[in-house]
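Here's the letter readout for the chains.
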Amino acid sequence: MRCAVVTAARTTENADDDGHGDGRTGGGPAGGGHTVDGCETGGEAAGDGHATGGEATADGHTPGGEATADGRATGRQAAGVTSPASGPLPRPLLRSAVELYLDLHAHPELSGHEHRTADRLAARLAEHGCTVTRSVGGGHGLVGVLRNGPGPTVLLRTELDALPVTEATGLPYASTVPGVMHACGHDLHIAAVTGAVALLAASREAWRGTLLVVGQPEEETLSGARSLLEDGRLYERFGVPDAVLAQHAAPLPAGTLAHAPAGGEPLMAGSIAVEAVLHGRGGHAATPHLNLDPVLMAAATVLRLRTVVAEETVPAEQAVLTVGSVRAGERGNITPDHAELSITIRAFTEPALDRLVAAAERAVRAEAAAFGAPRAPEFTITARSPALRPDPALTARVRRVHEALLGPGRVLDLAGSAATEDFPHFAAGGVPAAYWMLGTTGAGPWRAARAGGGPVPPNHAPGFAPDVRAALPVGITALATAARQVLDPGAARDRGTAS
């Protein structure tokens, strides 16, 4: 997800009244290994990171009845809804998911280089009985297939790539790769999807159908989904799914989920990524009269581009144009011969995107002409993704099971965001898709921000640090229950008829 700060249209008091901390630790346990708020990877892991005498829930409480993902026994039972694995998450499953998360977070890989990450995901899927196909689409994409008789097909998508961000969380399991960080939560997504597959694999008697798990590379460059679908012929080879499901980490209260309201605006904007190259005439810095400085040309172009949205959209229309990178030269005493700009344009309709990209190209070419550039600039669209509009009927079904799982107060309405994703490509041709946000912010930082303190570090920020002990168990059960809602009840239904 490119550059997201997600806000909820409504939050409830109990959403940040769960007693969770901020997801950080001061160091590993004395016996070795890392912790996530006290969750020792070598010991029994509870959902909040504490080992308990009974079964562990997502917040570590063990009420007398069955526990839901936030430790409450009432919501799911009252609605008559059961998760794929009844009761709290099994300790080995949760411990395994936490260990995977810690490993992935410490070893992030940039878009197009996700070899180790794909290896780890493929191994976990195979461990749970999936048949895994690698190099789908020509890169590091993979597909795991878990067949369980005739029935619907559900696709769970997770991303593999990290970002060129230097981590500043101070976590003991922080990135070991200089300048690279899982600053968008893709490591959390992978750990959650493997946990969901484990739950479904362990409850095959309760459902029928096919589970597809897609590990998508290059989401941050908005190119991975199309590569899987077009170059990898995903649906031709593995079948068109009856539903596509995905979730995304967001700076909302940990232990909550958020869905787009029915009939509302798109959940995320559409986006166009552009690379522009401005050509000058290089030379010695001491002879500016003999050179044509592309750095100055780039500076003028950036300022001109910042006016495009105001001039090309009506005030009520939401759109964003960002110049996220300017690259030129190597030394202060050399005038370079070219400068490169990386541009992202976001809007909620295709006509708006087309209008803005045309205006941006005019601005780039006009500035180059005004400077007398020796040749015309290059203006190349490198990626495009439509606005994300989850299927209303599927979203309503998934939301109902999430509310039964967590209670309505922990399932929030989500305002539309200018963040963007390439997930909408999986819904091409009318495939129903549901997509929701997974809260990752611990109660401490959330309360501090609401009280007027500093803002919660959002996705893509160096300080982005999910409260894993609260977010991961909810992410696992959210995916599993959503998939279970679509899959055929199978043997469970047959037993009910027979009795």
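Above this text is the structure in question.
Scoring rules and cut-offs
Residues numbered from 1 in each chain as written. Predicted model: local features only at pLDDT ≥ 70, side-chain atom pairs only at ≥ 80, totals over all residues. Heavy atoms only, no water. Buried < 20%, exposed > 50% of the residue type's maximum accessible area, 1.4 Å probe, protein only. Helix = DSSP H or I, 4+ residues; strand = E, 2+ residues; numbered from the N terminus. Pairing = 2+ DSSP bridges. Core = buried A, V, L, I, M, F, W, Y, C linked by side-chain atoms within 4.5 Å. Contact = heavy atoms within 4.5 Å. Lys, Arg positive; Asp, Glu negative; His and termini not counted. Salt bridge = Lys/Arg side-chain N within 4 Å of Asp/Glu carboxyl O. Phe/Tyr/Trp six-rings, centres within 6.5 Å; stacked < 30°, edge-to-face > 60°. Axes fitted to C-alpha atoms, helices over the stretch in contact; angles between N-to-C directions. Parallel < 35°, antiparallel > 145°, perpendicular 65-115°, else oblique.

A. Structural context of the pairing of strand E6 (residues 209-216). Here E6 lies mainly inside the structure; 8 of its 8 residues are buried. Every second residue of E6 is oriented toward a common face, with Gly209, Leu211, Val213 and Gly215 on one face and Thr210, Leu212, Val214 and Gln216 on the other, all of them buried. Sheet analysis places strand E4 (residues 142-148) next to E6, joined by 7 bridges and oriented antiparallel. Looking at the pairing, Val143 lines up with Val214 of E6.

B. Summary view of the nonpolar core. Counting 66 residues, the largest nonpolar core has Val154, Leu156, Leu211, Leu245, Trp436, Leu472 and Ile476 as its most contacted members. Filtering out sequence-adjacent residues up to four positions away, Leu472 remains in contact with Ala97, Val98, Leu188, Ala191 and Ala192. Formed by 29 residues, the second largest nonpolar core is a distinct cluster that contains Leu234, Ala260, Leu412 and Phe426.

C. Inspection of the side chain of Glu367 at higher detail. When you line up the elements, Glu367 lands in helix H9 (residues 350-370). Despite its burial, Glu367 pairs with no opposite charge; the closest candidate is Arg304, at 4.8 Å N-O. In this view, Glu367 contacts Met297, Ala300, Thr301 and Arg304; residues no more than four positions away in its chain are not counted.

D. Up close: the packing of aromatic side chains. Taken as a whole and judged by the stated rule, the model has 3 aromatic pairs. Aromatic side chains Phe423 and Phe426 sit 5.9 Å apart centroid to centroid with 45° between the ring planes, which places their arrangement in the tilted category. Neither residue differs from the other here; Phe423 and Phe426 are each classed as buried. Taking the centre distance of 5.2 Å and the plane angle of 45° together, the rings of Phe423 and Tyr435 count as tilted. Residue Phe423 is located in the loop between strand E15 (411-413) and strand E16 (433-441), and its partner Tyr435 is located in strand E16; the two are separated by 12 residues in the primary sequence. Taken as a pair, Phe423 and Tyr435 share a single burial class, namely buried. An aromatic cluster is present here, built from Phe423, Phe426 and Tyr435 joined pairwise through their rings.

E. Quick peek at unusual backbone geometry. A positive phi angle, close to 45°, is found at Arg233, a residue other than glycine. Note on Arg233: relative accessible area 40%, which makes it partly exposed. Within the chain, His460 stands out as a residue other than glycine whose phi angle is a positive 80°. Tracing the chain through its elements places His460 in the loop between helix H11 (443-450) and helix H12 (468-486).

F. Summary view of the packing of helix H2 (residues 91-106) against helix H3 (residues 115-127). Across the interface, H2 lies against H3 with an axial gap of 11 Å and an inter-helix angle of 170°. With respect to their mutual orientation, H2 and H3 come out roughly antiparallel. Residue-level contacts link Ser96, Ala97, Leu100, Asp103 and Leu104 of H2 to Arg116, Thr117, Arg120 and Arg124 of H3.

G. Summary view of the sheet that holds strand E9 (residues 270-279). The strand order E11-E13-E9-E14 describes an open sheet built from 4 strands, whose pairing is antiparallel. Strand pairing shows two members of the sheet lacking a second neighbour, strand E11 (319-327) and strand E14 (378-385), which therefore form its edges. Averaged over all pairs of adjacent strands, the angle between strand axes in this sheet comes to 20°, irrespective of strand direction. The strands that H9 touches are E9, E11, strand E13 (338-347) and E14; relative to E14, the one it contacts most, it runs at about 160°.

H. The pairing of E16, seen in detail. Counting buried positions over the 9 residues of E16 gives 9, a clear majority of the element. The two faces of E16 match: Ala433, Tyr435, Met437, Gly439 and Thr441 on one face and Ala434, Trp436, Leu438 and Thr440 on the other face are all buried. Pairing of strand E8 (residues 257-259) with E16 involves 2 bridges; the strand directions are antiparallel. Residue pairing for E16: Ala258 is matched across the bridge by Met437.

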